[in-house]
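# A closer look at the structure
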Amino acid sequence: MIPHKINKAAKQILAEVISNKKFGPYHHMVFAVGDMAASIKPGNFVAISVGGEQSSLILRRAFAIYRAIDKGPMGGSIELVVAPHGQGSSWLCARAIGEFVDLIGPLGTSFGIPTSNANAMLIGGGYGSAPLFALAELLKNRGCRVDMVLGASTANKIFAPLEGKRTVSSLTLTTDDGSAGIHGQISEAIPRLIRELGTEVIYSCGPMGMLSAIAKIAKEFDIAHQCSVEESMACGIGVCMTCVVPIRSEENVKMVRTCIDGPVMDGSQIIWDRKEVSDLMGL
Amino acid sequence: MSTLDFSTKIGSKRFSNPIFTASGCASSGQELSQFFPLTELGAIVTKSIMTKSRTGRLTPRMAETPSGMLNSIGLQGPGIDAFLENDIPWLVEQKAKIIVSIAGETVDEYGVLSRRLRAVSGISAVEVNISCPNVENRGQVFACHPDTSVAVIEAVRRNIGGELPIIAKLSPDVTDIVEIAAAVINAGVDGLALINTLLGMVIDTNSMRPKLAGKTGGLSGPAIRPVAVRAIYQVHQAFPNTPIVGMGGVASGRDAFELILAGASAVSIGTASFGNPNAAMLVKSQLSDLLIARGFNDFRDAIGFAHRGL
């Protein structure tokens, strides 16, 4: 049996919006969360109620934490990068400074840190790069070399704030349309970079297709790979069983909750190929 | 100051208050216990357990709908052995009131599960889930026919022994829910759980394919509350002495009160816990305030109140 990894630090609070700025196609939002900030580790996420009290949107939305500041001028705060894709995220992006949102956090697992110095590559797709900057800082402080690779469909969808760029030893950009950096999909650039940079551990966050491609590369190079996965969630706290991903187990395949056993998981454990999962389950 | 007797009864068992969790919406309690002590609940109804561990369905397993959601989990679970070894002792240690929900693919499987529960101490009742819509074959939904419903209940009755109350969880997806209720009451159940989710479907208009991997799913949330109120009202009218655990889109004290007025002796909180882990506690305190404001000293006087004088 896989032990429960419930994040015991999780609390439900009303968090005040203290900043909300457009950042390219995204919103960079800051919330006052008090003591909660001190218990946040890179990779954790929060779940926020959307739509207001009379809303027909009954489920929380999960957001990876971009940064947490323990003691700022407004006390503890967290920062999120939100893409106004759907009704819920659009509602959140429309919140003004001084408004409060119902927020639960910190939830889920965090990125594991190597015990000795290692060359780390951090790979982010689109705004999936957000949680990687706090990780980069942590790794750098532990003496790791940090190389960051950020990709997106087009240049303005790469989330790479200036202060974040300063923490890394190298930054490589890729775009599907060639509007910035290397022309092509992010995964195409990775093998060459691994060889050149002597990468020993990979951290990734972004769409599942990208994570799957990176998992394959990590396996070929026999490199540890921690990825932050994304599966649609109803609750974020482990009760609904909707956000599962298939992992290898004694009984062929086991579905684990990405809100409890994730979002940060060992990429080599996940069965990325859907057909393989169906076959193992005898569907 | 008014005082309220908030206790309720299902069969021979008494519960300190009428707010339960709904099976499948509280897992086995550990996750919600971070937010409130489980002893605050009238009872925790655990996720329906089967004999063997079960992987469940592929993802996507969830689709949000207006004031509701579809789920298609497919009864993922650890199986009865691991459940009795890990979850029950933990819940007993928490001093939670436990109602174990069971599900089977065959009548025999319900019998086997009941036999396993018979010797377990610390359980207050068994919920017999004969109405999960997320099975491969619609013909497997026992609660769609009186005879299959009765076969399951009889198997449970034969094997469970003793005083443990049996609660049958029924589906609203039937022509006449009173007919199914009559059949299981005759077969000896002590209570009914009304209602399970309604079978629904969402098609993604971008991909132009069903949104859920399992194509269909169970609809829950405030969207189905009027269906729950109707089912509870009809069944309570026909069988006023059979306790009903009501559920279906309850998110506030007012919602719980509505189900109680229709005839529920207890109210389970399901999907609302997904949006707010403290939903059960919110409903409990709001309901208590509302009952007092309406002049009730005894919760049980409010059960089925909407039927009075009609």
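This text gives an overview of the structure that appears in the document.

Analysis parameters
- Along each chain, the written sequence defines residue order, and numbers are assigned to residues from 1.
- Lettering for chains starts from A, numbering for ligands starts from 1, and both go in the order in which the items are written.
- For this predicted model, a pLDDT threshold of at least 70 governs which residues receive local features, and a threshold of 80 or more governs which side-chain atom pairs are given and counted, while totals over whole chains, interfaces and linings are taken from all residues.
- Each side-chain value is derived from all of the structure's non-hydrogen atoms; neither hydrogens nor water enter the calculation.
- A run of H or I in DSSP becomes a helix once it reaches four residues, and a run of E becomes a strand once it reaches two; helices and strands are each numbered from the N terminus.
- Pairs of N or O atoms are called polar contacts if they sit within 3.5 Å, as long as, within protein, a hydrogen donor faces a hydrogen acceptor (for residues adjacent in sequence, only side-chain-to-side-chain pairs).
- It only takes one pair of heavy atoms within 4.5 Å for two residues to be counted as in contact.
- We define the nonpolar core as a collection of buried residues of types Ala, Val, Leu, Ile, Met, Phe, Trp, Tyr and Cys that are connected through side-chain atoms lying within 4.5 Å of one another.
- The classification of residues rests on relative accessible area computed with a 1.4 Å probe and restricted to protein chains. Under 20% of the type maximum is buried, over 50% is exposed, and intermediate values are partly exposed.
- In this description, a line fitted to the C-alpha atoms serves as the axis of each element, helices being fitted only across the stretch in contact, and the angle between N-to-C directions of two axes falls anywhere from 0 to 180 degrees.
- When an angle is under 35 degrees it counts as roughly parallel; over 145 it counts as roughly antiparallel; between 65 and 115 it counts as roughly perpendicular; any other value is oblique.
- By definition, any crossing whose near helix is turned counterclockwise from its far helix by less than a right angle is left-handed, and any crossing with a clockwise turn is right-handed.

## Quick word on the side chain of Asn17(B)
Residues and elements named next belong to chain B. Structurally, Asn-17 can be placed in the loop between β2 (13-15) and β3 (19-21). Separated by 3.5 Å, the side chains of Asn-17 and Ser-16 make a polar contact. Engagement of the side chain of Asn-17 in a polar contact is seen with the backbone oxygen of Glu-40, the distance being 3.0 Å. Aside from chain neighbours lying at most four places away, what touches Asn-17 is Phe-6, Ser-7, Thr-8, Glu-40, Leu-41, Gly-42 and Lys-284.

## Regarding the nonpolar core
Counting 117 residues, the largest nonpolar core has Ile102(B), Leu170(B) and Leu192(B) as its most contacted members. For this core, the element with the most residues is helix α4 (residues 177-186) of chain B, which contributes seven residues. Once residues lying within four places of it in the same chain are set aside, the contact partners of Leu170(B) are Ile130(B), Ser131(B), Ala143(B), Ile177(B), Ile180(B), Ala181(B), Leu192(B), Ala193(B), Leu194(B), Ile195(B) and Asn196(B). Listed in part, the 27 residues of the second largest apolar core include Ala120(A), Phe133(A), Val146(A) and Val264(A).

## Section: the packing of helix α4 (residues 186-197) of chain A against helix α5 (residues 208-221) of chain A
Residues and elements named next belong to chain A. The N-to-C vectors of α4 and α5 enclose an angle of 25°; their axes lie 10 Å apart at closest approach. Taken together, the axis directions place α4 and α5 in an arrangement best described as roughly parallel. Our pair here, α4 against α5, has a crossing hand that is right-handed. On the side of α4, the interface is formed by Ile-186, Ser-187, Ile-190, Pro-191, Ile-194 and Arg-195, while α5 contributes Met-210, Ala-213, Ile-217 and Phe-221.

## Quick notes on the environment of Arg145(A)
Residue and element names in this part refer to chain A. Note that Arg-145 resides in strand β8 (residues 145-152). On the basis of relative accessible area, Arg-145 is assigned to the partly exposed category, the value being 32%. Taking the C-alpha atoms as reference points, Arg-145 and Gly-262, 117 residues apart in sequence, are found 25 Å from one another. Sequence-distant contacts of Arg-145, that is, excluding residues within four places in its chain, are made with Ala-118, Asn-119, Ala-120, Ser-169, Ser-170 and Leu-197.

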